[in-house]
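Fold and contact review
Here's the letter readout for the chains.
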Amino acid sequence: MEIRARLLSGQWFSHLPVSFQDSLLALARERRLTAGQRLFQRGDAPCGLYAVLDGAVRIGAVSEQGKEALLSLVEAPHWFGEICLFDGQPRTHDAYAVGSCTLLNIPQAALLKLLDEQPLYWRHLALLMSHKLRLAFINLEQLSLLPAPARLAHRLLMIAEGYGELEAPRRVLQLPQEQLAAMLALSRQTTNQILKDLQGQGIIGLAYGEIEILDAARLRVLATL
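These lines cover the structure that appears in this document, whether it is placed above or below. (Residues numbered from 1 in each chain as written. Predicted model: local features only at pLDDT ≥ 70, side-chain atom pairs only at ≥ 80, totals over all residues. Heavy atoms only, no water.)

This brings us to helix α7 (residues 148–160). Taking 1.5 Å of rise per residue, 13 residues should cover 18 Å, and α7 covers 18 Å from first to last C-alpha, within 8% of that figure. Where burial is concerned, most of α7 is hidden: 11 out of the 13 residues are buried. Considered for burial, the residues of α7 that qualify are Ala148, Ala150, Arg151, Leu152, Ala153, Arg155, Leu156, Leu157, Met158, Ile159 and Ala160. Positioned one or two residues after α7, Gly162 has a phi angle of 65°, which is positive. (Helix = DSSP H or I, 4+ residues; strand = E, 2+ residues; numbered from the N terminus. Expected span 1.5 Å × (residues − 1). Buried < 20%, exposed > 50% of the residue type's maximum accessible area, 1.4 Å probe, protein only.)

Moving on: the layout of surface pockets. Of the pockets and cavities examined, the largest pocket occupies roughly 1,300 Å³. Lining of the largest pocket is provided by 46 residues; of these, Ile59, Leu71, Ser72, Ala136 and Asn139 occupy positions nearest its centre. Those elements that place two or more of their residues in the lining of the largest pocket are β4 (68–75), β5 (79–80), α4 (83–87), α6 (122–145), α7 and α8 (177–184). With 11 residues, the single largest contributor to the lining of the largest pocket is α6. A volume near 270 Å³ is recorded for the second largest pocket. (1 Å grid on protein atoms, 1.4 Å probe; cavity = no way out; pocket = protein on both sides within 12 Å on 5 of 7 lines; lining within 4 Å. Points joined across faces, edges and corners; volume = space filled by probe spheres on them.)

Under the criterion given, the structure shown has nine salt bridges. Between Arg32 and Glu30 there is a salt bridge, with the nearest N and O atoms lying 3.5 Å from each other. With a relative accessible area of 60%, Arg32 lands in the exposed category. Notably, a salt bridge pairs Arg188 with Glu178, separated by 3.7 Å at the nearest N-O pair. Here Arg188, found in helix α9 (residues 188–200), pairs with Glu178, found in helix α8; they are 10 residues apart in sequence, far enough to count as distant. Accessibility expressed as a relative area gives 46% for Glu178, which makes it partly exposed. (Salt bridge = Lys/Arg side-chain N within 4 Å of Asp/Glu carboxyl O.)

Bringing the pairing of strand β9 (residues 210–213) into the picture now. Every other side chain in a regular strand lies on the same face of the sheet, so the side chains alternate between the two faces. Residues Ile211 and Ile213 line the buried face of β9, whereas the alternating positions Glu210 and Glu212 sit on a face that is not buried. Where strand β7 (residues 172–174) and β9 come together, three bridges link them in antiparallel fashion. Counterpart to Gln174 in the pairing with β9 is Glu210. Of the strand pairs in this sheet, strand β8 (residues 204–207) and β9 are connected by four bridges, and their pairing is antiparallel. Pairing of Ile204 across the sheet is with Ile213, part of β9. Turn length for the β8-β9 hairpin, with the two strands adjacent in sequence and antiparallel, is two residues, and the turn residue Gly209 shows positive phi of about 70°. (Pairing = 2+ DSSP bridges.)

So, about the packing of aromatic side chains. Counted under the stated rule, the structure contains seven aromatic pairs. Ring plane angle 40° and centroid distance 6.5 Å describe the contact between Phe40 and Phe80, whose orientation is recorded as tilted. Here Phe40 is found in strand β2 (residues 38–40), whereas its partner Phe80 is found in strand β5, with 40 residues between them in sequence. When the ring of Tyr50 is compared with that of Phe80, the centres are 5.4 Å apart and the planes differ by 15°; the resulting orientation is stacked. Of the two residues, Tyr50 sits in strand β3 (residues 49–62) while Phe80 sits in strand β5, which places them 30 residues apart along the sequence. By the burial criterion, Tyr50 is buried, and Phe80 matches it. Of the aromatic side chains, those joined through ring pairs into one cluster are Trp12, Phe13 and Trp79. Seen from the ring of Phe40, Arg91 lies directly overhead, with NZ or CZ sitting 4.2 Å from the centre. (Phe/Tyr/Trp six-rings, centres within 6.5 Å; stacked < 30°, edge-to-face > 60°. Lys NZ or Arg CZ within 6 Å of the ring centre and 35° of its normal.)

In structure tokens, the structure reads:
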């Protein structure tokens, strides 16, 4: 019951038919990762659908030169890993635990069998993937059109609102500056300077590994500039 309640705090799971919720939970297995432990890496075979119950998972890739592209920081109660369900192709990126975390895993074969039996459920997985595709297009547009401060402000708001998954926005984000910089394709120095400027204006507060949103309205105005 506790797992269901945790997942129901997210938009996607809470809008599923109860029969699909029940089926997913019946197939699910809990998995715990330690800090820095790899869940899967680019090129791995599909291993099913995941939900974060506690902690966070970083999704990204590292170049041969050691430069990291951090695409997403997946926190509870978000789901991820659905792309491989549709095409059966290997994983496109790496996934590592940020600190210790607890995941729910729906194994690939078992979920595909369920979807063969109940093909109407495919639509719900398509909605999960289309939501992320929409966010990806928004981020690409911002990367091309918006100045760095506006991009940073918008990303902070998106994280606070759980990328549309959380009903009540969070005020304090557990987000190291180097991770935020990697998400925005900015240098650590540029990111730090923008954050310091926002702190000086009283829009955010900074602590070790944390960013507190003090004035969401002013941050939203900055995100549209």
